[in-house]
Every structure is written in C-alpha cells, then in structure tokens.
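Examination of the molecular architecture
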Amino acid sequence: MTNPPPESRLVVLISGAGSTMRALLEATAEEGYGARIVAVISDKADAPGLAIAEAAGIATDVVDLADFDDRAAWDLALAAVIARHEPDMVICAGFMRLIGAPTLATFGGRIVNTHPALLPSYPGAHGVRDALAGGAKVTGCTVMLVDEGVDTGPIIAQAAVEVWDTDDEATLHERIKQVERALVATTVGRMARDGWAVDGRRVTIGKQEERA
C-alpha cells in the first residue's frame, strides 16, 4: 500500500500545450484536493505549457533530448531533474517520450500516464485512429501506472466515450481529451488523498480499512 503524505508533491511532465497540466493545476486549487504541483518539466523548450506553469508560480525545467549525446544520458538527466523536486507522484500529461530505466528505478509505481483509448485495446501512438479503423462503437481513455512497456502498465481508472458515426480522428480525440482531463484530475486527487495498492495488474485506491 502506498500511503499518501499530508499533501502530495506532484511533478508534471509535458511536451506541448499543457491542457491536462492546466486541469490538474485547477484541481489542486480546490480545498482538500490533497496535492500540489511543485514542478513542470518539458522535453521541449517551446512547449506552451511551460508559460502556464510559470504564470502560476510553479518551477519549470527543460530536459531536451537534443542537448544530450544519447538517449541514455537524457534518461539519467531526466531522472535527476525529477528527483531534485522530491515528488510523491510523477504525472505524464501529454509527455511524448518513453520513461527510461533511471526514472522507473527511482519512481516506479508512482508514475501516472494517460492514453486515449480503453486499454489494453488500441495501445500506442495512434489509439484514436486505431479505434476508428477497428470499428469500435465505444472507446475512451485510461489512466495507468507506467512500466517498461508502451501503454502496458497497470490500469488505475478508465472512462468510456461513445464513437459517433460522424466522427473523424480530430472530433473523437477532442471529446476523449475533455473526458481524459477530468479523469486524470479526479484520479490523481483520489490517489493523493487515499493512497493506492498494486496487486499484479490490479490497482486499488483507498485505505486498507476502507476496502476491508
């Protein structure tokens, strides 16, 4: 069981606009949420989400792969920058890089990511496109813990989104993102307040006595 501190420290990883990070930021402002964002880290210096974090007075860092000799050096640097902020949880919010072994070794079981499909169906970079191509009538989004694979970590929470006959990839993805942002904010808050346990592929949120 991972028991939460009085107020969990969140480090958020982004690559772009930071819409999910903004949803988390708004959620953390609510009384009793149980967590606050202490840093936002991007792999791109021009990520618009960095400006949102800076305007909110949150520390920001950039760890750009282009600044390193190889991927292994970047992995080590990312782990070091995350560790400097002493997070209780690391949230991948539109972060477009795979998490490397150094970060997993330090923060494994505490790294949360999202995916725009109902895993284990339609993993990978094109989950929305693949769901449409597969003729899915219902898809959605998944919040999961990160492991060594691609979208293979234990599932924490999911929400369904109906596929409309008129949908294309853009319209479906936009509806999924709206649901996804709310699901991430709600799920991270529950984890921060109540802790979580992992048993194989099963993740349960809540104190042990509440689940007895």
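The notes below deal with the structure included here.

Cut-offs applied
Residues numbered from 1 in each chain as written. Predicted model: local features only at pLDDT ≥ 70, side-chain atom pairs only at ≥ 80, totals over all residues. Heavy atoms only, no water. Salt bridge = Lys/Arg side-chain N within 4 Å of Asp/Glu carboxyl O. Buried < 20%, exposed > 50% of the residue type's maximum accessible area, 1.4 Å probe, protein only. Core = buried A, V, L, I, M, F, W, Y, C linked by side-chain atoms within 4.5 Å. Helix = DSSP H or I, 4+ residues; strand = E, 2+ residues; numbered from the N terminus. Contact = heavy atoms within 4.5 Å. 1 Å grid on protein atoms, 1.4 Å probe; cavity = no way out; pocket = protein on both sides within 12 Å on 5 of 7 lines; lining within 4 Å. Points joined across faces, edges and corners; volume = space filled by probe spheres on them. Nonpolar A, V, L, I, M, F, W, Y, C, P; charged D, E, K, R; others polar. Expected span 1.5 Å × (residues − 1). Polar contact = N/O pair within 3.5 Å; in protein donor to acceptor, adjacent residues only side chain to side chain. Pairing = 2+ DSSP bridges. Right-handed = clockwise from strand over helix to strand, strands pointing away. Phe/Tyr/Trp six-rings, centres within 6.5 Å; stacked < 30°, edge-to-face > 60°. Axes fitted to C-alpha atoms, helices over the stretch in contact; angles between N-to-C directions. Parallel < 35°, antiparallel > 145°, perpendicular 65-115°, else oblique. Left-handed = near helix turned anticlockwise from the far one by under 90°.

Topic: the pattern of salt bridges
Evaluation of the coordinates by the stated rule reveals 7 salt bridges. Residue D167 pairs with R175 through a salt bridge whose shortest N-O separation is 2.7 Å. Each member of the pair, D167 as well as R175, is classed as buried.

Let's talk about the nonpolar core
Among the nonpolar cores identified, the biggest contains 39 residues, and V12, V40 and M89 are the most heavily contacted of them. When residues in this core are grouped by element, the largest group, 8 residues, is from helix α6 (residues 169-194). Setting aside its immediate chain neighbours within four residues, M89 contacts S8, R9, L10, V11, R110, V112, V188, M191, A192 and W196. Ranked by size, the runner-up nonpolar core spans 19 residues in total, among them V11, V38, V63 and V81.

Comments concerning the layout of surface pockets
Within this model, the largest pocket holds a volume of roughly 900 Å³. Taken together, 38 residues form the lining of the largest pocket, with G94, F95, M96, N113 and T114 sitting closest to its centre. Elements represented by at least two residues in the lining of the largest pocket include exactly α1 (19-28), β5 (111-115), α5 (127-133), β6 (138-145) and α6. For the lining of the largest pocket, the element with the most residues is α6, which contributes 4 residues. Within the lining of the largest pocket, the residues separate by chemical class into 14 nonpolar, 16 polar and 8 charged.

Digging into α6
Its 26 residues give α6 an end-to-end C-alpha distance of 36 Å, which sits within 8% of 38 Å, the value for a rise of 1.5 Å per residue. Regarding α6, its N-cap is D168, as a side-chain oxygen of that residue lies 3.1 Å from the backbone nitrogen of A170 further along.

Examining the pairing of strand β4 (residues 89-92)
The alternating pattern of β4 places M89 and I91 on one face and V90 and C92 on the opposite face, and all of these are buried. Alignment of strand β1 (residues 8-14) against β4, held across 4 bridges, turns out to be parallel. Within the sheet, the bridge partner assigned to L10 lies in β4 and is M89. Pairing of β4 with β5 involves 2 bridges; the strand directions are parallel. Bridging across to β5, I91 finds its partner in V112. The handedness of the β4 to β5 crossover, carried by helix α4 (residues 101-107), is right-handed.

Brief notes about the environment of G100
Its place among the elements puts G100 in the loop between β4 and α4. Residues G100 and V150, spaced 50 residues apart in sequence, show a C-alpha to C-alpha distance of 11 Å.

A word on the packing of aromatic side chains
Note on aromatic pairs: each is described by the distance of the centres and the angle between the planes. Applying the stated criterion across every chain yields a total of 1 aromatic pair. Residues W74 and F95 carry aromatic rings whose centres are separated by 6.4 Å and whose planes lie at 10 degrees to one another, so their mutual orientation is stacked. Placement of the pair is W74 in helix α3 (residues 71-84) and F95 in the loop between β4 and α4, with a sequence separation of 21 residues.

Notes on the packing of α1 against α6
It is at 9 Å that the axes of α1 and α6 come closest, and there the two elements cross at 45 degrees. In terms of axis orientation, α1 runs oblique to α6. As α1 runs across α6, the sense of the crossing is right-handed. Contacts from S19, T20, A23, L24 and A27 of α1 reach α6 at R181, V184, A185 and V188. Residues that form the contact of α1 with α6 fall into these classes: 6 nonpolar, 2 polar and 1 charged.

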